[in-house]
Amino acid sequence: MSLATAPQLRFAGSLALAARQFPRHRAAMAGLLFLLAICLLTILAPAIAPYDPVQIKLGAKLKPPSLEHWLGTDHFGRDVFSRLIHGGRTSLSVGLLVVGFAFCLGVPLGLASGYFGGRIDNLLMRLVDAFLTFPPLLLAVALVGLLGPDIQNVMLALGLVQAPVLARMVRGSTLAVREEVYVMAARALGAGPGRIVLSHLLRNVMSPIVVQLTIVFSAAIIAEASLSFLGFGTQPPNPSWGRDMSEARRFLGDAPWMFMAPTLTIALCVLSINFLGDGLRDALDPRSWRTRRALQEERR
Amino acid sequence: MTSLLQVEDLHVHFAAQGATVKAVDGVSFAVARGRTLGLVGESGCGKSTTGYGILQLVRPTAGRVLYRDVDLCSLGGEALRRMRRKLQIIFQDSHASLNPRMPIGELVGEALDIHGLARGAARNARVRELLGLVGLAGHLIERYPHELSGGQAQRVAICRALAVEPELIVCDEAVSALDVSIQAQIVNLLQDLQERLGLAYIFISHDLSVVRHVSDEVAVMYLGKIVEMAAKERIYTVPAHPYTKALMSAVPVPDPDVEATRRRILLAGDLPNPANPPSGCRFRTRCPIAVPACADVDPPPQALGGGHWAKCIRLEERL
Amino acid sequence: MALLTVRGLTTRFATDRGTVRAVDNVSFDLEEGEVLGLVGESGSGKSVTALSIMRLVSEPPGQVRAEQLSFDGLDLMRLSEAEVREIRGARMAMVFQDPMRSLNPVLTVGRQLTEVLRRHADLDRRAARRRAIELLETVGIPNAERRLGAYPHQFSGGMRQRVMIAIALSCNPRLLIADEATTALDVTIQAQIVDLVKRLTRERGTAVIWISHDLGVIAGLCDRVNVMYAGRIVESGPIRELFHRPSHGYTLGLLGSTPRVDGSQARRLSPIEGLPPNLIDPMPLCPFLPRCRVSVAACRERAPQRRAFGDRHWAACFADISP
């Protein structure tokens, strides 16, 4: 490699190297592919859904899966498949937004708490404790009840509920990493708090954060489903995985496909996300990498 | 000329389980430009804490650290960060001092970035130049710390320290964890760099053999205080303080004939609890020539000529 | 007959990067009461050699093979695990580097001592306790009777190592192996411990294998030395022979790299350049060749055999280093 093309390996470059590691983890790859497929289907739902998800067709009630209705119809004659992919838009966007919200709120909180310690730590953690004393779902229900059963409020509520958990976890990791010699070494070089937190602390707590975020994602999807199930989330006739599961209960004997479709989809999504988390965790740790060069050297 | 670094009555105290541990209890010395001060002692003597205290990595409880007549203890924030360029440190555990998730190029580049010393293509060139200075090949830029050996990792640490163009480097047991052949490589490297760049070193170590090799002056520490200080040749040939004498006699020499005829001064007992040191002279509980008067007062430094001094009231006694 | 005879000892470990040959065809003898030093840096195989002799290597992932491994008339390779346990602690004992890790932190020191005594010396509780107190006094621990009830963390590093020595010598073993036993100790404490080991083993006629990377300690303690590199013994000889007439490139390099407190080392150290060897790829030639400064033409053609350089002094080296 000549001097002129020597890469400046910043964090992004390291991410690229990490990305190349990813395919080694087969379960993670499978999970990723599944999620991408679901995402694609839900994004394109308006264009590709064979039927209108809210259109009632009483004549086609409770039909089993067939060539016309791939996953059958529900008790209003609505196409289950179309409802599934439309409903996915709600569920997945809730998941993503909750993750984003929890990340933006929880991570800085945890980092600040862990890095500065002292009074800031005390204040922030008491706040977190206050939130953690409430059972998460009840808190979400209460907030939604307070603000109205709007999908945005659901996201806000779930985000608020997940952020403290994330904050606590980040604080713990930060406390551990803060004592590492390389942090002292960076301080000795003259690094300010900003650089230490972003370059050193964040990078080394990223791994558990990523894993936790996948858990948050799964929890958010399930929570949205639960809220809708209970009647607090998505309102009828809009499709939602949880909502549809709730309505399908009565017809479990006659039309099991109505229940199975959203349930299995949720289960597979959660599983995929968990595998994805495993893969990401390994990919982000340079110590578990096998670069092509290293493999060649080992063989020599 | 005035010294590069002047440490005056440095104190670093820690609170631990209700008691105060005076890890560094009144240490004073000076280091001149381009010279090496060896700071020796056994575990618990406070030598590493002294190093951290000088660099303000641990804030001293009292005392002054004058770097070119500026008291580092009084600095904070931006002013301190700028001063950090001048005084650097190399730690004992080379791998622990490098962020495992940063490649070598970024680790060295970070030092340049912090102080805005080079950007863009010039930055890359400088990183390679610095790696060359410590004897590392340029292709190691992409490697991660865990792929390097202990010696290579320590060279990277030295490289980072050099990147900010310091005038003084604290070597905190910098070679103690390395195999003896690698240790010799790093010692030679440090000496070469000192000649080329005019660096001053504070070489902290428990290994008296290495210290003799690298130092110009030596200070011996025991339980937070310096008990003897002198030019290297004097302290190794005519040590005055009973602790220094015992220490010298305990160090094994790789020569069976020398070893066969050596008379070892064996110290009694163990190191006292640093939270509750003995009254008067701290060494008296293990000293072979202690007398009751030793418990009364902490001995003042007795001059022995040529900058050599020792804190003992019985220096004339032969051990 | 020698107390310990080792012929062709080879210990391999299966790792995901390949097979590591930690010990590669090692052969040596140890006489009764002799103090043998095993010198080398990390990866030289000295610790694994000791563990292999004590049959403490887990198989798998390790694999210990030897043409001959006899100790005090017994064929160690043929013994069952139960039979080896009878010998360990009683006839051969080992002291490790970190006493905090070798001593059980939740058992009192007295309990750990008496446990060994009751297991091997078949003493009843009272007799074992009396013997334990004697042992602690022998190794220089003050207030021995009171200290029996103390826990390891209540002792300093040097004291803990004395306890380890007491445990090791409690049943009067024929062989004591000390693996970097003083490396983690302060130099004044190290001097005390070395002195103690010297005295006790001379009194009892115990043979010692002293493993260390510190040439100074070796020089003051041992009768003979084996220098190890990349799992092999590269030079072996009486202590004065080895230090005054080193005959292997590595031994020469080690001596040149070691600074001396008596200042008789040259102004600049002569380090051994390069990196430690890779133990996975077997070397048909001398393993030290890439780093050797005194290599000759023959070194690049074939592997060196043992050459005699004096009375019981040999080195696997083609060069004539010390005239």
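Because the structure is predicted, anything quoted here is derived from the model rather than measured.

Visitor: Teacher, can you tell me more about the overall build of chain A here?
Guide: Helix and strand counts for chain A come out as 12 helices and 0 strands. Reading chain A from its N terminus to its C terminus gives the helix and strand order α-α-α-α-α-α-α-α-α-α-α-α. Split into buried and exposed, the 300 residues of chain A put 42% on the buried side. Taking all contacts inside chain A whose residues are at least 6 apart in sequence as the whole, residues at least 24 apart take part in 70%.

Visitor: Looking at this model, I keep getting lost on the sheet that holds strand E8 (residues 200–205) of chain B. Mind explaining?
Guide: Whether parallel or antiparallel, the strands of a sheet pair through hydrogen bonds between backbone atoms. Residues and elements named next belong to chain B. Spatial ordering of the open sheet is given by E6-E7-E8-E3-E9-E10-E12-E11, a layout of 8 strands whose pairing is mixed. Of all the strands in the sheet, just strand E6 (87–90) and strand E11 (302–303) have a single pairing partner and so form its edges. Bridge analysis of strand E3 (residues 36–40) against strand E9 (residues 217–222) gives 4 bridges, and the strand direction is parallel. Note that in E9 the partner of Val40 across the bridge is Val220.

Visitor: Where do I start with the sheet that holds strand E13 (residues 313–315) of chain C in this structure?
Guide: Residues and elements named next belong to chain C. The 8 strands lie next to each other as E7-E8-E9-E3-E10-E11-E13-E12, forming an open sheet whose pairing is mixed. With partners counted over all chains shown, the strands left at the sheet margins are strand E7 (92–95) and strand E12 (307–310), one partner each. Ignoring strand direction, the axes of neighbouring strands in this sheet form an average angle of 20 degrees. Helix H1 (residues 46–53) contacts strand E3 (35–39), E7, strand E8 (175–179), strand E9 (207–212) and strand E10 (224–229) of the sheet and is inclined by roughly 145 degrees relative to E9. Across the sheet, helix H7 (residues 157–169) is in contact with E7 and E8; its angle to E7 comes to roughly 170 degrees.

Visitor: Please explain the interface of chain B and chain C as it appears in this structure.
Guide: When the parts of a complex come together, some accessible area is lost, and that lost area is often taken as the interface size. On the chain C side, the residues contacting the 34 residues of chain B number 40 residues. Looking at the side of chain B that touches chain C, the elements with two or more residues in it are helix H6 (180–197), helix H7 (208–214), helix H9 (242–250) and helix H10 (256–261) of chain B. The leading source of residues in the side of chain B that touches chain C is H6 of chain B, at 6 residues. For the side of chain B that touches chain C, a count of residues per class yields 18 nonpolar, 8 polar and 8 charged.

Visitor: How do you make sense of the nonpolar core when you look at a structure like this?
Guide: Considering soluble globular proteins, one finds that nonpolar side chains tend to be buried as a cluster. In terms of nonpolar packing, the biggest core is built from 260 residues, with Ala220 of chain A together with Val108, Val156 and Val220 of chain B touching the most fellow members. Looking at this core element by element, the count peaks at 16 residues for helix H9 (residues 193–230) of chain A. In this structure, Val220 of chain B is in contact with Val40, Gly41, Ile226, Val227, Glu228, His241, Tyr243, Thr244 and Leu247 of chain B, ignoring residues within four places of it in sequence.

Visitor: How should I be thinking about the interface of chain A and chain B in this particular structure?
Guide: Between chain A and chain B, the contact holds 24 residues from the first and 31 residues from the second. Sorting elements by how many residues they give to the side of chain A that touches chain B places helix H8 (residues 181–189) of chain A first, with 7 residues. Residue composition of the side of chain A that touches chain B, by class: 11 nonpolar, 7 polar and 6 charged.

Visitor: Any chance you could explain the pairing of E9 of chain B here in plain terms?
Guide: In regular strands, side chains alternate between the two faces of the sheet. Residue and element names in this part refer to chain B. Most of E9 sits inside the fold, with 6 of its 6 residues counted as buried. Side chains of E9 alternate between two faces, with Glu217, Ala219 and Met221 and Val218, Val220 and Tyr222 buried alike. The antiparallel hairpin formed by E9 and strand E10 (residues 225–231) contains 2 residues in its connecting segment, where Leu223 sits at a positive phi of about 45 degrees.

The rules behind the values
- Per chain, residue numbering runs from 1 following the sequence as it is written.
- Key to labels: chains lettered from A, ligands numbered from 1, both in the order written.
- Under the rules for a predicted model, residues below a pLDDT of 70 receive no local features and side-chain atom pairs below 80 are neither given nor counted, while totals for whole chains, interfaces and linings still include all residues.
- A run of H or I in DSSP becomes a helix once it reaches four residues, and a run of E becomes a strand once it reaches two; helices and strands are each numbered from the N terminus.
- Between the buried cut of 20 or more and the exposed cut of 12 or fewer other C-beta atoms within 10 Å of a residue's own C-beta lies the partly exposed class, and all C-beta atoms are placed from the backbone.
- Throughout, a residue-residue contact means that the two C-beta atoms, derived from backbone geometry, are no farther apart than 7 Å.
- Strands were regarded as paired on the criterion that DSSP finds at least two bridges between them.
- Only C-alpha atoms enter the line fits that serve as axes; for helices the fit covers just the stretch in contact. Angles between N-to-C directions range over 0 to 180 degrees.
- As a working rule, the residues Ala, Val, Leu, Ile, Met, Phe, Trp, Tyr, Cys and Pro are called nonpolar, Asp, Glu, Lys and Arg charged, and the rest polar, with Gly in that last group.
- By our criterion, buried Ala, Val, Leu, Ile, Met, Phe, Trp, Tyr and Cys residues that link up through C-beta atoms within 7 Å make up a nonpolar core.

Distances and angles like these do not, on their own, reveal function.
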